[in-house]
Amino acid sequence: LGHAVSKNMLRWPHPRKRLRSEEAPLAGSEKAAFGDVHIFLVERKMGRSRRSFLTQLARSKGFVVEDVLSDAVTHVVSEDGEASSLWAWLKDHSRSDLSRMHVLDISWFTDSMKEKRPVAVETKHLIQDVLPEVSTPTSAAAVSQYACQRRTTTENHNKNLTDAFEVLAENYEFNGMEGQCLAFRRAASVLKSLSWEVRSSERVHELPCLGETMEELILQYGRSFEVNKILSDERYQTLKLFTSVFGVGLKTAEKWYRRGLRTFPDVLEEPSIHLNRMQQSGFLHYGDISRAVSKAEAQALGSIIDEAVHAITPDGTLTLTGGFRRGKDFGHDVDFIVTTPERGQEERLLTSIIQHLKQQGILLFSDYQSSSFDMSKLPSHRFEAMDHFAKCFLILRLEGREVEGGLCRAEGDSRDWRAVRVDLVSPPPDRFAFTLLGWTGSRFERDLRRFARLERRMLLDNHALFDKTKKEFLAATTEKDIFAHLGLEYIEPWQRNA
Ligand code: CTP
Ligand code: MN
Ligand code: MN
């Protein structure tokens, strides 16, 4: 369980390395330094005609002015006062290493024109990059519409709003309005990534995925009247209650609601209802598995399953994934990937683990799904929520003594154990990186797929990455490889809480 995220790693954004500043005047003689200076004028905010005027002026004084932002440029000059949007623009429009250039405000240029030579760069001239690599922009305009280009930690500055939006989204989902549901989920996801609390209309306006309806909701109501109406709606409450049972999906919940059932006793006492095995366990362990799982409990389960893996094969590995890998303190379950380097043995490993847990007397429920993975059927153009790897959905008995600091127990509960939901998935070894990326979640993954399809003509899922232009699969042994294939900056797991 070497993946547990320390508090330190969660502290983010990191203060970005300061750019070179207050350096000695450029090395060498004055004359040589002059020729070494290659200026690039940013047209944004400056305007085309002023840019061309300043270019001619500088050239007439013997300065080198580049037309494009190439590697040759040493001094970028801008009249854009908004540092964050300027840097975002520069990063979008430059393939070169920006850290090797001075990014300067117009005062350096005018001083240099006056002196008829490039003046030494001073701190007062610098336009500092206030952005960490991709975002947590201070400017709404620099926020990407894709979650995979935003960094979203568990720290949420707009919790009231995102909670409200999620209620609205869920209500749309319950009413079969998928488009509206997705729109509110996307808006909530954007709000979660912000490093500031949204208040002013100007900023809301510039944000991607936030339409007028949402802006109105934010500005006029906050946690709106509409949200409160939904929260007290009987249908919403009932569907929410029924779908909170392990094994009960929206369809089943609606069926029960339509039959006039409103409470658990209603369902359990209705003789014509036949619960499947999963639902029976869901009701049986409801109290335990509807309560959050703590990090310490996740860690304890990691040790138990790790032991099982190693009892079966010394080469097996267990990797924590899901919400806990993203640094969450609590989860609704614990997700792990199990792998063995021997090809074709992944299914046997998983069934052996289940057997081992059963022999230990801690297996309360198991739904095993064998692998239907077939590389020759890829790439899949359909969106599939589930992958085809061997997996199992478990309920395990966790003893209090196994957990550092004890169990998360309900008040008045004197038992020294609790039931916990655990998911295990076992991909073939060469599919590990794709599985890890997919199972680490959260909704981040969906935007990664959308980005791949729309921006890169590639198909990504939990199994593979396919380049439609080159008509070939792109190999990856780590998540970083996948981000690199997609031309995206790497986003750490704890920055994927979109
Ligand atoms: N997942 C998946 N295929 C499945 C099951 C889950 O790809 N058959 C992915 C989900 O899309 C999700 C991740 O695995 O991104 C973890 O799922 P889940 O446990 O439901 O969510 P968590 O993010 O771990 O949230 P929680 O902490 O509440 O468990
Ligand atoms: Mn989970
Ligand atoms: Mn899960």
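Residues numbered from 1 in each chain as written. Chains lettered and ligands numbered in written order. Predicted model: local features only at pLDDT ≥ 70, side-chain atom pairs only at ≥ 80, totals over all residues. Heavy atoms only, no water.

Caption draft 1: The overall build of the protein chain, seen in detail. A count of helical and extended segments in the protein chain gives 21 helices and 14 strands. Expressed as a percentage of its 498 residues, the buried residues of the protein chain come to 50%. Sequence separation of 24 or more characterises 68% of the internal contacts of the protein chain that already satisfy a separation of 6 or more. For the protein chain, the accessible surface area stands at approximately 24800 Å², while carbon and sulfur atoms represent 49% of it. (Helix = DSSP H or I, 4+ residues; strand = E, 2+ residues; numbered from the N terminus. Buried < 20%, exposed > 50% of the residue type's maximum accessible area, 1.4 Å probe, protein only. Contact = heavy atoms within 4.5 Å. Areas by Shrake-Rupley, 256 points an atom, 1.4 Å probe, with all protein chains shown as cover.)

Caption draft 2: Region of the structure containing the sheet that holds strand E14 (residues 472–473). Strands sit in the order E12-E13-E14 across an open sheet of 3 strands; the sheet is antiparallel. In this open sheet, the two strands that pair with only one neighbour each are strand E12 (458–460) and E14. Bridge count between E12 and strand E13 (residues 465–467): 3 bridges; the pairing is antiparallel. Note on E13: the bridge partner recorded for Met458 is Asp467. (Pairing = 2+ DSSP bridges.)

Caption draft 3: Structural view of the coordination of the manganese ion (ligand 3). For the manganese ion (ligand 3), the protein coordination sphere consists of Asp333 (OD), Asp335 (OD) and Asp423 (OD), at 2.1 to 2.2 Å. Positions of the donor residues of the manganese ion (ligand 3) along the chain correspond to the pattern D-x1-D-x87-D. Here the manganese ion (ligand 3) and the manganese ion (ligand 2) are spaced 3.5 Å apart, and both take Asp333 as a donor. Separated by 88 residues along the polypeptide, Asp335 in strand E8 (residues 334–339) and Asp423 in strand E11 (residues 417–426) bring together distant segments of the chain. Asp423 shares its class with Asp335; the two are buried. (Donors = N, O, S within 2.8 Å, 3.2 Å for Na, K, Ca; no water.)

Caption draft 4: Quick peek at the site of ligand 1. Near ligand 1 there are 16 residues, and of these Gly323, Lys328, His332, Asp333 and Met386 occur at the shortest range. Separating an oxygen atom of ligand 1 from a side-chain N or O atom of Arg326 is a distance of 2.8 Å. In the model, an oxygen atom of ligand 1 is placed 3.0 Å from a nitrogen or oxygen of the Asn462 side chain. For ligand 1, the protein covers 76% of the area, taking 590 Å² as the surface of the free molecule. Mapped onto the shell around ligand 1, the elements with two or more residues apiece are helix H17 (322–325) and helix H19 (432–440). (Near = heavy atom within 4 Å. Polar contact = N/O pair within 3.5 Å; in protein donor to acceptor, adjacent residues only side chain to side chain.)

Caption draft 5: Highlighting the UniProt feature "binding site: Mg(2+)" (unreviewed entry) in the protein chain. In this numbering, the UniProt entry assigns the feature "binding site: Mg(2+)" (unreviewed entry) to Asp333, Asp335 and Asp423. Across 91 residues, the annotated set stays spatially compact, with a maximum C-alpha separation of 7.3 Å. With respect to the helices and strands, Asp333 occurs in the loop between strand E7 (330–331) and E8. Take Asp333: its relative accessible area is 6%, and that puts it in the buried class. Ignoring anything within four residues of it in the chain, the contact list for Asp333 reads Val293, Phe324, Arg421 and Asp423. Residues in contact with Asp335, not counting those within four places in the same chain, are Thr319, Leu320, Thr321, Gly322, Gly323, Asp423 and Trp439. (UniProt positions renumbered as here; feature names shortened; annotations may be inferred.)

Caption draft 6: Local environment of the side chain of Ser144. Looking at the secondary structure, you find Ser144 in the loop between helix H5 (106–115) and helix H6 (159–174). Its relative accessible area of 14% is what places Ser144 among the buried residues. A polar contact is formed between the side chain of Ser144 and the backbone nitrogen of Tyr146, at a distance of 2.9 Å. Residues contacting Ser144, with those up to four places away along its chain left out, are Gln149, Arg150 and Pro208.

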